[in-house]
Amino acid sequence: MAKKRTKSKKTQQKNPFIESVKHYSTSERVHFVVGLLICFFTVYIGIAVLSFFFTGAADQSIVSNLEVSDLISKKGAVSNWAGIRGAYMADVIMNRWFGIPSLFLLFFMGSVGVKLMKLCKINLLKRFLICSILTIWGSLFLAFSFSWVGDGSFFYLGGQHGYLLSEWLVGNIGHIGVILLLLVGLILIAVFLSRQTVPVLQSRLSFGHFGKKTKEKSSDSSNSNNDNTGYDMPYDENEDDEPDDPDTENETGYTDNNPVMKEEFTVEVAKGEDDSYDKSELGTYDPRLDLSSYKFPEVNLLKKYDQSDKQVDMAEQNDNQKRIKKTLEDFGINIISIKATVGPTITLYEVIPDKGVRISKIRNLEDDIALSLSALGIRIIAPMPGKGTIGIEVPNKNPQIVSMESVVASRKFGESKYELPIVLGRTITNDVFMFDLTKTPHLLVAGATGQGKSVGLNAIIASLLYKKHPSELKFVLIDPKMVEFNIYEDIERHYLAKLPDMDHSIITDFNNVIDTLKSLCKEMDNRYDLLMKAHVRNISEYNAKFISRHLNPEKGHKYMPYIVVIIDEFGDLIMTAGKEIEMPIARIAQKARAVGIHMIIATQRPSTNIITGTIKANFPARIAFKVSSMIDSRTILDSPGANKLVGRGDLLFSQGNETTRVQCALVNTDEIEDIVGFIGDQPGFETAYKLPEVLDENQEGGVSSIDLSNRDPLFEDAARLIVIQQQGSTSLIQRKFAIGYNRAGRLMDQLEAAGIVGAFEGNKGRQVLITDEYSLEQKLNVLQN
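Here the structure is a predicted model, which means the values were calculated and not measured.

Here the focus is the overall build of the protein. When its secondary structure is counted, the protein shows 29 helices and 15 strands. The buried share of the protein, taken over its 785 residues, is 46%. Considering only contacts within the protein whose residues lie at least 6 apart along the sequence, 67% involve residues at least 24 apart. Carbon and sulfur atoms provide 54% of the accessible area of the protein, an area that totals close to 41,800 Å².

This part takes up the pairing of strand β13 (residues 650-655). The element β13 is largely enclosed, with a buried count of 5 among its 6 residues. Looking at chain direction, strand β12 (residues 621-625) and β13 are connected through 5 bridges and run antiparallel. Bridged to F625 within β13 is L651. For β13 and strand β14 (residues 658-664), the ladder comprises 6 bridges, and the chain directions are antiparallel. Residue L651 lies in a different strand from β14, and its bridge partner there is V662. Adjacent in sequence and paired antiparallel, β13 and β14 are bridged by 2 residues, among which G656 carries a positive phi angle near 70 degrees.

Under the definition given, this model contains 13 aromatic pairs. A centroid spacing of 5.1 Å and a plane angle of 5 degrees characterise the contact between W137 and F141, whose relative ring orientation is stacked. With a gap of 4 residues between them, W137 and F141 both fall in helix α6 (residues 124-145), about one helical turn apart. Each ring, one from F475 and one from Y495, has its centre 6.4 Å from the other, and the planes form 50 degrees; the classification is tilted. Taken together, the residues span a long stretch of sequence, with F475 in strand β8 (residues 473-478) and Y495 in helix α17 (residues 492-495) at a distance of 20 residues. Residue classification places Y495 among the buried residues on the basis of a relative accessible area of 0%. Just above the ring of F413 sits the side chain of K467; from NZ or CZ to the centre is 5.4 Å. Positioned above the aromatic ring of Y528, the side-chain terminus of K591 is 5.2 Å from the ring centre.

Now for the packing of helix α16 (residues 453-467) against helix α24 (residues 669-680). Remark: α16 packs on α24, axes separated minimally by 11 Å, with the N-to-C direction vectors making an angle of 30 degrees. By the angle between their directions, the pair α16 and α24 is classed as roughly parallel. When you trace α16 past α24, the crossing you get is left-handed. Between α16 and α24, the contacting residues are N458, A462, L465 and Y466 on the first element and I672, I675 and I679 on the second. Of the residues contributing to the contact of α16 with α24, the split by class is 6 nonpolar, 1 polar and no charged.

Attention shifts here to a positive patch on the surface. There is a patch of like positive charges on the surface, built from K115, K118, K121 and K417. With respect to the helices and strands, K115 occurs in helix α5 (residues 103-116). Residue class for K115 comes out partly exposed when judged on its relative accessible area of 32%.

Residues of helix α19 (residues 539-547) that are buried include every one of I539, Y542, N543, K545 and F546, and no others. All buried residues of α19 fall inside an arc of 160 degrees around its axis, so they share one side. The secondary structure elements touched by the buried residues of α19 are α18 (510-534) and β10 (562-567). Among the residues of α19, the N-terminal cap falls to N538, whose side-chain oxygen and the backbone nitrogen of S540 are separated by 3.2 Å. A positive phi of about 65 degrees marks R549, the residue just after α19.

Tracing the sequence through the fold places Q451 in the loop between β7 (443-446) and α16. The exposure class of Q451 is buried, given its relative accessible area of 18%. Discounting residues that sit within four places of it in the chain, Q451 has contacts with F625, K626, G647, R648 and G649.

Attention now moves to the sheet that holds β14. As summarised here, the arrangement of the 9 strands in space is β6-β5-β14-β13-β12-β7-β11-β10-β8, forming an open sheet in which the pairing is mixed. Strand pairing shows two members of the sheet lacking a second neighbour, β6 (432-436) and β8, which therefore form its edges. The average angle at which neighbouring strand axes cross in this sheet is 25 degrees, direction not considered. Bridge count between β10 and strand β11 (residues 597-603): 5 bridges; the pairing is parallel. For V565, the partnering residue across the bridge sits in β11 and is M599.

In this section: the confidence of the model for the protein. When pLDDT is averaged along the protein, the result is 81; 81% of the residues meet or exceed 70. Note on residues 265-275: pLDDT under 50 across the span, and 30 contacts to partners over four residues away in sequence or across chains.

The next point concerns the nonpolar core. Residues M404, F475 and I581 are the most contacted members of the largest nonpolar core, which totals 110 residues. If you tally residues by element for this core, the top one is α18, at 9 residues. Counting 22 residues, the second-largest nonpolar core is a separate cluster that includes L714, I739, A744 and M748.

The next subject is the sheet that holds strand β1 (residues 335-342). Read across the sheet, 4 strands follow the order β1-β2-β4-β3 without closing on themselves; strand pairing throughout is antiparallel. Across the chains shown, the open sheet's two edge strands, defined by having one partner strand only, are β1 and β3 (379-381). The average undirected angle you get between the axes of adjacent strands in this sheet is 20 degrees. With 6 bridges connecting them, strand β2 (residues 346-353) and strand β4 (residues 390-395) associate as antiparallel partners. Residue pairing for β4: T347 is matched across the bridge by V394.

Calculation notes
Residues numbered from 1 in each chain as written. Predicted model: local features only at pLDDT ≥ 70, side-chain atom pairs only at ≥ 80, totals over all residues. Heavy atoms only, no water. Helix = DSSP H or I, 4+ residues; strand = E, 2+ residues; numbered from the N terminus. Buried < 20%, exposed > 50% of the residue type's maximum accessible area, 1.4 Å probe, protein only. Contact = heavy atoms within 4.5 Å. Areas by Shrake-Rupley, 256 points an atom, 1.4 Å probe, with all protein chains shown as cover. Pairing = 2+ DSSP bridges. Phe/Tyr/Trp six-rings, centres within 6.5 Å; stacked < 30°, edge-to-face > 60°. Lys NZ or Arg CZ within 6 Å of the ring centre and 35° of its normal. Axes fitted to C-alpha atoms, helices over the stretch in contact; angles between N-to-C directions. Parallel < 35°, antiparallel > 145°, perpendicular 65-115°, else oblique. Left-handed = near helix turned anticlockwise from the far one by under 90°. Nonpolar A, V, L, I, M, F, W, Y, C, P; charged D, E, K, R; others polar. Patch = residues over 30% accessible without salt bridge, like charges linked within 9 Å, V, L, I, M, F, W, Y side chains within 5 Å. Salt bridge = Lys/Arg side-chain N within 4 Å of Asp/Glu carboxyl O. Lys, Arg positive; Asp, Glu negative; His and termini not counted. Charge placed at Lys NZ, Arg CZ, Asp CG, Glu CD. Arc of directions from axis to C-beta. Polar contact = N/O pair within 3.5 Å; in protein donor to acceptor, adjacent residues only side chain to side chain. pLDDT = per-residue confidence, 0-100. Core = buried A, V, L, I, M, F, W, Y, C linked by side-chain atoms within 4.5 Å.

Dropping the structure here:
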C-alpha cells in the first residue's frame, strides 16, 4: 500500500516550470504589460514611417544597402526621427514590403496591444483578415496605378510586393485584366466590410433602376394602379384589393402619386402586416433621448471598506488543514492531498481521498469535522462538480466585508453586456458573481429573518440602477410590510411603474397588489400582440427592430422597457389573498419572459404552503440565505445546505443543477438613499410608467345595470371632450378634469351606456361612436328628455 500511495503522489506532482509558464501566460497583469509594449513598439514604428515621408530620400543611400549587422556602426548617420533602426525598418516596410498599405499592418499590431490590455473588445481574427486583404489589394492598386513613377522616386508607393505582382499580372492577363481584377477585389472588400453593400448594388444594378426615367416619361403609367416609384415591387397574393387613395401612403412610405422614390430607402415587407416606414431622414431611434441629460449614479456614492489588502491568515489555514486531515485519519480515511481556497467569509478545502474511500463516509463526518474545527457550521460538497475532489467549506474566523462599491467598480460588471446585469457579491474564490436576469428569468429569494434578504434585494435593485437607463427599465415594487421599499419613492418618475389611479408608486395595499398583477397580465398580453404583429419572438428582437425604424409607431408600435416586479414579503400576500395572488404570478412567470417582464419574489417563510409547487416550477433560479432547518433548505433549493450557512449575507445561488456559494455585497440604507437622491434630483418623466387600466368584474360584466338618470355632473363636459378629441380614454378624462381614476371610470361607463363610446378594448382605447358635436348635442337632448 505504501508503494502504491507513493506512486499516486508522484502522479499528482506537476512540473513547476510548466505550471509557472501557464500562470504567467494566463495572468491579466502579464497580458497588460505585453500589450503595452506592443503599443509602444507600434507607435515607434509609426513615427519612423511618418518620418520616412520627409527624410526617406536623404536616408535612402545609407539604408538601401545596409545589413542588419551594420546598424550599430551607422548610428546617428540618418535623418529619420526614430534613428538608424527606425530608418531601416521604415525602408523595409515602405520599399521592400507593401508600401503605404503597410500602415494597415501597423493598425492591426496596435489592435493586438489594445486587445491584450483589455481597453476594448476586438475581434482579432476579423481585423486580421480585413487588414491583410486591404494591404494586399492596396499594394497592387498603388503599384499598378502609379507604375509610371520611375526611378526618380525614393520609394515604391505599393512596395516591391505590389510592383512585382503588378508586373507579373500585366504580363499574364494584360492591363484590362488587372483593372477588372482590382474592381472585383474592391467589390468583395466592400461586401465583406458592410452588409448594406449587396442591397445597394442590387438596387443600382436592377433593371427597374435603369428603366426609371422611361417609366417617368410614360403618361399612362402615372394613372395606373402600378407602383410609380421606378422599382419593380413584388406582388403579394395576400394583399387586400383596396381602391387607391392619392392622399394616403403606400407600403413604401411615400404617397402613391409621387413618381420618384429615394434611392437609398430600405423596404422591409412583413408577411401579415407591413410595419416599415420612411426612416431615411430619421436615423435610428434612441430611447434615451427622452432623458438625454440623465447621468448614471457615481461609484463614489457607495461606501468603500479598506479590506482588499487584508492578508490571509496562513496560520489559521494550516491549522484547519491539519485538523481536517487528522479527523479523517481518525476515522480511517487517508487522503492524498488537501488545498485551500480562501474567500471573503468562507475557505474551501479541497480533499482528494485515497483509492477505495467511499464518498458517503466523508459526507457523514460533517458534524465531527465541525467539532474538531470549532466552526459555526461547515458544508461538505461531495464530489465537487467537474473536479474529482471533495469540498469542505469552513467559515473564516475573521470574515471580510464585501462592499457593493467593490463589485460595482469591478471590470467584470463595468464591461458586462448582459441585458439585465445583477452583481450579487463574491464567490469563495473571491471572484465577482453576477448573472443576467433575462436568462434566469425569474428569481425566488428566501431566508430566515435577519440573514441578509433585504440587503440582497437592495443589491439587486442597485445593480440595475447602475446599468440601465430610466427609459430601458421599470420597477414594480410591492411591499406589504410598508417599510422596505418606501426609500425608492423619490425615483417614481424615473424608474417606477404603477396603475394610473394609484396615489403611491410603492404598492402596499392588498387590493392594489391584485389589481397591479392583473394589469401586468394585461401588459404582457398587449406586448405579445405587438410581438406577433412585428413577427419577432422576444423583446430584444422587437426593440432592435423598433430602434432601426422598421416598426411604425403610428400602427401602435413603441419601444418596450424591461419591467422587473419585486415582491418583498410574498408570504404575507399568500396568507391573505391565496390563489388571487398565486395564479397571476404563475401566469406571468410562465409567459412573461419573452416580453421583458421578470419577477423577483422574496419571503422569510420558506414553507411548503408559501413556496408551493406552482411557484417552484416557474422560478428555476433561487437564492437561499441562512434558514433554520434542512426542511426549509429543501423547500427552497430542493437540497440541504442553506441550513449550514453562517448568516450575514452568506447565500447559495441555485440555477438548474448548479449551486454557487456567494457572500452578498453589503449596501446599507445610507448608500441607497444617496443613490436615490442622486437620481431623484435629476429631471424625470412627467409621470411614472403607466400600466394598463384594469376594470373590476362589474365593469367587465357590462353596462346594462347603469342608471343614466343619475348621471355624473361632469357627464356632458366629458362627452364633449371625448367627441372633440376623438379619443376614448379614461386617463384623458382624469387628467382634464383633475378627478380620481374611479370617478373617471364611472364616467366612461356612463358614456358607454349612452352609446357615445364603444366597449372596453384593453390598452387600445375605446372607439368614439359619435363623430361630431352636432350629433352629440342631439344625443344629449334625448338623454335630458
